[in-house]
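Geometric and topological summary
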Amino acid sequence: MANQQPQTLTSEARHKKILTIVFTIICIVWVLPVVCVAINSFKLNTFVKTETFALPTDESFAGWSNFITGMTFGNYPFWSAFGYSALITVLSTVLILICCSMAAWYIARVDSKFCKILYTLCIFSMVVPFQMVMFTLSKTADTLKLNTPFTIPIVYLGFGAGLAIFMFVGFVKSIPLEIEEAAAIDGCGPIRTFFLVVLPMLKPTLISVGILEIMWVWNDYLLPYLVLDINQYRTIPIQIQYLKGSYGTVDLGATMAIILMAIIPVIVFYLSCQKYIIKGVAAGAVKG
C-alpha cells in the first residue's frame, strides 16, 4: 500500500503534465493568428507577403502608416463603420438580455404545454445553421424594413434567443420561488417582481450572456452583409472586406491594422469579464 500510493501520485502527475502540454499547444495554435495580425500590422505590404511570420525590421517596419491608410481608405470613413458596429452590438445585446430574460422567467415559472413547446423551439433554434435561412431571412428583412442599423437588432434577437433563453431558464429554476411569493405579498406585480427581484439575481447570467452576444454580434459579417445596404451602412467586418485598390489589389498591411483595431476592444472586454462566463454558465446549468 505504501508503494502503491507514490505510484498513483506519479501517474496523476504524469497525466497532469500531458494535459498541460496539450492545453499549451492548443493555446498557441489559437493565439498564433492574433499574434501574426499584430506583427504584420506594422509591416510594409510587400513584407507581409514574403515575411509573414518574421518580426518587423528597420527595412520592413511601417510605423503607424498602415493604421492611417486603413482608416482613410476609400470613400467610406472607418469611424462610421466603427460607430455602426458599436450601435448594432449595443442595441442587439440589450434587446436580447431584456426580452430573453423575461421570456425565460415566464417559461420557468409557468408550467404549461405552450411554455414547454416554446422552450423546445428555442433549444431547436440553436442547432439550425444560419445558411439554411439566410436567403429567406434577407428577403423578410427587406420586406419588413429591418435593413437598417436601428432595426437589425430585431433579427439578432431571433438568432440569439435560443442560447440566451436556455441559460436564463436554468438559472431562474435555481431561484427559490418563495422570494417571488414574498414580493407578491408585499404588493409587487409581475413587472415589479421581475425588475426589482428577479433581474438583480440574474446578474451572473446577464453578464455571461452579454459577453457572448457582444462577441458574436461585433464579429459577425454575414448577417449585416445580407441585410444592410452596404453602400450606406457598413460594419467593421464589411469595411475590412472592401479594403481593395485598383484591379482588386489588397493592402495587407492596412488590412491587418484594421483587423487589429477591430479585435482589440473585444479581447480587452473578454479578458476583463471572462470570470463571469464560467460563473454564469455554471449557474445556468444547476437545473435543466
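What counts as what
Residues numbered from 1 in each chain as written. Predicted model: local features only at pLDDT ≥ 70, side-chain atom pairs only at ≥ 80, totals over all residues. Heavy atoms only, no water. Salt bridge = Lys/Arg side-chain N within 4 Å of Asp/Glu carboxyl O. Helix = DSSP H or I, 4+ residues; strand = E, 2+ residues; numbered from the N terminus. Buried < 20%, exposed > 50% of the residue type's maximum accessible area, 1.4 Å probe, protein only. Core = buried A, V, L, I, M, F, W, Y, C linked by side-chain atoms within 4.5 Å. Contact = heavy atoms within 4.5 Å. Axes fitted to C-alpha atoms, helices over the stretch in contact; angles between N-to-C directions. Parallel < 35°, antiparallel > 145°, perpendicular 65-115°, else oblique. Nonpolar A, V, L, I, M, F, W, Y, C, P; charged D, E, K, R; others polar. Phe/Tyr/Trp six-rings, centres within 6.5 Å; stacked < 30°, edge-to-face > 60°. Lys NZ or Arg CZ within 6 Å of the ring centre and 35° of its normal. pLDDT = per-residue confidence, 0-100.

It is worth spelling out the pattern of salt bridges at this point. For the structure shown, the criterion picks out two salt bridges. Across the salt bridge formed by Arg 109 and Glu 180, the nearest N and O atoms sit 2.8 Å from each other. In this pair, Arg 109 sits in helix α4 (residues 78-109) while Glu 180 sits in helix α8 (residues 177-185), placing the two residues 71 residues apart along the sequence. Residue class for Arg 109 comes out partly exposed when judged on its relative accessible area of 26%. Linking Lys 116 and Asp 111 is a salt bridge whose minimum nitrogen-to-oxygen distance equals 3.8 Å. Given a relative accessible area of 67%, Asp 111 falls into the exposed group.

With that settled, consider the nonpolar core. If you look at the biggest cluster of nonpolar residues, it comprises 25 residues, and the most contacted ones within it are Cys 100, Ile 165, Phe 168, Val 169 and Leu 202. For this core, the elements supplying multiple residues, two or more each, are α4, α5 (113-125), α7 (152-172), α9 (190-201) and α10 (203-219). If one sorts the elements of this core by residue count, α7 sits on top with nine residues. When near neighbours in sequence (up to four residues on either side) are disregarded, Val 169 contacts Ala 104, Ile 107, Ala 108 and Tyr 119. Residues Ile 88, Phe 130, Val 217 and Val 227 belong to the second largest nonpolar core, which totals 14 residues.

Geometry of a packed helix pair, given as the angle between the helix axes and the separation of the axes. Where α9 contacts α10, the two axes come as close as 5 Å, and the packing angle between them is 65°. Here α10 runs roughly perpendicular to α9, going by the angle between their axes. Between α9 and α10, the contacting residues are Leu 199, Pro 200 and Met 201 on the first element and Lys 203, Pro 204 and Leu 206 on the second. When its residues are assigned to classes, the contact of α9 with α10 shows five nonpolar, no polar and one charged.

Turning our attention to the packing of aromatic side chains. This model, assessed by the stated rule, comprises 14 aromatic pairs. Judged by centre distance (5.4 Å) and plane angle (70°), the ring pair of Phe 78 and Trp 79 falls under edge-to-face. A relative accessible area of 53% places Trp 79 in the exposed class. With a centroid separation of 5.3 Å and an interplanar angle of 20°, the aromatic rings of Tyr 221 and Tyr 225 are classed as stacked. On the basis of relative accessible area, Tyr 225 is assigned to the partly exposed category, the value being 33%. Three or more aromatic residues link up through ring pairs in this structure, and these residues are Phe 42, Phe 61, Trp 64 and Phe 67. Its guanidinium or amino end placed over the ring of Tyr 119, Lys 173 lies 6.0 Å from that ring's centre, counting from NZ or CZ.

Per-residue confidence for the protein averages 83 on the pLDDT scale, and 90% of its residues sit at or above 70. Ranking the elements of the protein by mean pLDDT puts helix α1 (residues 4-40) last, at 76, and α4 first, at 92.

The next subject is the environment of Phe 166. With respect to the helices and strands, the residue Phe 166 is situated in helix α7. Taking C-alpha positions, Phe 166 is 6.8 Å from Ile 123, a pair spaced 43 residues apart along the chain. Leave out the neighbours within four places in its chain, and Phe 166 touches Tyr 119, Ile 123 and Met 126.

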